[in-house]
Amino acid sequence: MTAAAVATSPTDWLDTILKDYAPDIDPKLVKTLSAIATACEGISRHLWTADGEAKAGSSNAYGDDQLDIDLYADHIIFEEMKASKCVAVAASEEKPQELEMGGEGYSVAFDPLDGSSIIDANFAVGSIFGVWHGRGLQGRTGREQAASCMAVYGPRTHLALALAGSVTRGAPVAMDLLLHPEKRLWTVSKAKLTIAPAGKVFAPGNLRATSDHPQYKALFDHWVGQRYTLRYTGGMVPDVYYSLVKGKGVFANVPSPSAPAKLRLLYECAPIALLVEAAGGRSVVAPAPGAAAAAAAAGGGGAAAPQSVLDVVADGMDVRLGVCYGGVDEVATFNRFMFAS
Ligand SMILES: O=P(O)(O)OC[C@H]1O[C@](O)(COP(=O)(O)O)[C@@H](O)[C@@H]1O
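Owing to the predicted nature of the structure, the values given are computational and were not obtained by experimental measurement. (Residues numbered from 1 in each chain as written. Predicted model: local features only at pLDDT ≥ 70, side-chain atom pairs only at ≥ 80, totals over all residues. Heavy atoms only, no water.)

Caption draft 1: Inspection of the sheet that holds strand β6 (residues 125–133) at higher detail. One open sheet holds the eight strands; their spatial order is β4-β3-β5-β6-β7-β8-β9-β10, and the pairing between them is mixed. Only two strands of the sheet have a single neighbouring strand rather than two, namely β4 (99–100) and β10 (185–190). Looking at chain direction, strand β3 (residues 87–92) and β4 are connected through two bridges and run antiparallel. Considered in β4, the bridge of V89 is made with E100. (Pairing = 2+ DSSP bridges. Helix = DSSP H or I, 4+ residues; strand = E, 2+ residues; numbered from the N terminus.)

So, in structure tokens, the structure goes:
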């Protein structure tokens, strides 16, 4: 594996790296992923001096106040998608509709800046991308992705990148790249990301839901009782990236009637699910309180069964859900508590 790739053209460096995982990778996919990397490099550079509090004075389709940086990141990514000439349509958390990008080959859904509630405190934040084969996002599942990426803007800028089995022609794979801003070059920092089945590190999101979600409360007490180490920043990107790089742990964001789901399937949850499952971990949709009991009561013996986030159909551009990501055994423990009737 080449540790560092010498850039001869904007995409050559990535082509060299990805050919080690997928010798016959589609050049259009390489161009799309390279355009994503270029956008993340621009966002990383902008964050060095950007005002994390500056409000844009506008709100997105969900009424969330938009920060200047949200709109800057959103704009720079759409521009790079157009410039790649390999993206048919794209949509984002800020613009949740399929916008024509004028290219052909792939469709991209993204969250330009995940962590807008913590960026003013200068915590690590990120950008999330899902890349689907062909044209269209609505009606797709995460399992139809060709690739997904998660940029982490912390002390260093990293890009965790997953290639689906449809691209590697075998098992999906996840790797980690490091940005060298002075050379405008990315290198491989971890050739293969893996998550061990078990690891006593937890990141419990939407914790206020424990007030009216007895199964989530019981699980939280279990994690504390089993002396799990808490590693939670309030940013899904750095919190999941922790498990990918450290190779262990469990992240959850569980909804309840008082704290409904806010994470978006297309722009956040499906891309991260591909990364985690490509690293040998599992993803599961977090059920509402009592879902198992309700399913059992509904008769037909149909207990609520755990479902991979990758199998959820995006039957709208704003599907929101609760999730759990982590090692195989950690997600099994999550399911044991969540689907207990
Ligand atoms: O504050 P909570 O309820 O724990 O939830 C925080 C979650 O919301 C998010 O900030 C998502 O929201 P944004 O995409 O608007 O930043 C996640 O990154 C994070 O895991």
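Caption draft 2: Focus on the sheet that holds strand β12 (residues 229–230). Here five strands make up an open sheet; going across it, the order is β12-β11-β13-β15-β14 and the pairing mixed. Two strands lie at the open edges of the sheet, namely β12 and β14 (282–286), each paired on one side alone. Packing against the sheet, helix α5 (residues 214–225) makes contact with β11 (201–205) and β13 (250–253), and its axis sits at approximately 150° to β11. Taken strand by strand, helix α6 (residues 236–246) contacts β11, β13 and β15 (322–326), and its axis lies near 150° from that of β13. (Contact = heavy atoms within 4.5 Å. Axes fitted to C-alpha atoms, helices over the stretch in contact; angles between N-to-C directions.)

Caption draft 3: Representation of the site of the ligand in the model. Around the ligand, 18 residues are found, and the nearest of them are D114, G115, R208, Y232 and M236. Here an oxygen atom of the ligand sits 2.8 Å away from a polar atom, N or O, in the main chain of M236. One of the side-chain nitrogen or oxygen atoms of E268 is found 3.1 Å away from an oxygen atom of the ligand. Bound to the protein, the ligand loses 86% of the 470 Å² it would expose on its own. Where the shell around the ligand is concerned, the elements lending two or more residues are β5 (106–114) and β13. A per-class count over the shell around the ligand returns four nonpolar, eight polar and six charged. In terms of domain composition, the shell around the ligand takes at least three residues from each of domain 1 (10–190) and domain 2 (201–338). (Near = heavy atom within 4 Å. Polar contact = N/O pair within 3.5 Å; in protein donor to acceptor, adjacent residues only side chain to side chain. Areas by Shrake-Rupley, 256 points an atom, 1.4 Å probe, with all protein chains shown as cover. Nonpolar A, V, L, I, M, F, W, Y, C, P; charged D, E, K, R; others polar. Domains from an automatic or database assignment.)

Caption draft 4: Quick peek at the pattern of salt bridges. Counting across every chain of the model gives 15 salt bridges. Close ionic contact of R143 with E277 constitutes a salt bridge, the shortest N to O distance being 4.0 Å. Here R143, found in the loop between β6 and β7 (145–153), pairs with E277, found in helix α7 (residues 265–278); they are 134 residues apart in sequence, far enough to count as distant. The class of E277 is buried, set by a relative accessible area of 19%. A cluster of three or more residues bridged by salt bridges with shared partners is formed by E93, R264, D318 and R320. (Salt bridge = Lys/Arg side-chain N within 4 Å of Asp/Glu carboxyl O. Buried < 20%, exposed > 50% of the residue type's maximum accessible area, 1.4 Å probe, protein only.)

Caption draft 5: Here's a closer look at the pairing of β7. Where burial is concerned, most of β7 is hidden: nine out of the nine residues are buried. Direction of pairing for β7 relative to strand β8 (residues 157–163): antiparallel, over a ladder of seven bridges. Within β8, the position partnered with V152 by the bridge is H158. Hairpin connection between β7 and β8: a loop of three residues separates the two successive antiparallel strands.

Caption draft 6: View of the domain arrangement of the protein chain. According to the domain assignment, the protein chain consists of domain 1 (10–190) and domain 2 (201–338). With centres defined by C-alpha atoms, the gap from domain 1 to domain 2 works out at 23 Å. With 46 residues of domain 1 at the contact, the number on the domain 2 side is 33 residues. Carbon and sulfur atoms make up 66% of the area that domain 1 and domain 2 hide from each other, which totals about 3000 Å². If you look at where domain 1 meets domain 2, you find three salt bridges. Salt-bridge contacts for D311 lead to R143; the nearest nitrogen and oxygen are separated by 2.6 Å. (Buried area = accessible area lost by both parts, 1.4 Å probe.)

Caption draft 7: Spatial organisation of the packing of aromatic side chains. Taken as a whole and judged by the stated rule, the model has six aromatic pairs. Centroid distance F202 to W223: 5.2 Å. Interplanar angle 45°. Geometry classified as tilted. Here W223 lies in helix α5 and F202 lies in strand β11, a separation of 21 residues in the sequence. By relative accessible area, which is 0% here, W223 ends up buried. Each residue in the set F202, F220, W223 and Y228 is aromatic and connected to the rest through ring pairs, giving one cluster. (Phe/Tyr/Trp six-rings, centres within 6.5 Å; stacked < 30°, edge-to-face > 60°.)

Caption draft 8: Region of interest: the nonpolar core. By size, the foremost hydrophobic cluster in this structure holds 52 residues, and its most contacted members are L18, L33, L161, L163 and L177. Not counting residues within four places of it along the chain, the set of residues in contact with L163 comprises L18, Y21, A22, I25, L33, A146, A147, T168, P172, V173 and M175. A162, A203, L265 and M317 belong to the second largest nonpolar core, which has 43 residues in total. (Core = buried A, V, L, I, M, F, W, Y, C linked by side-chain atoms within 4.5 Å.)

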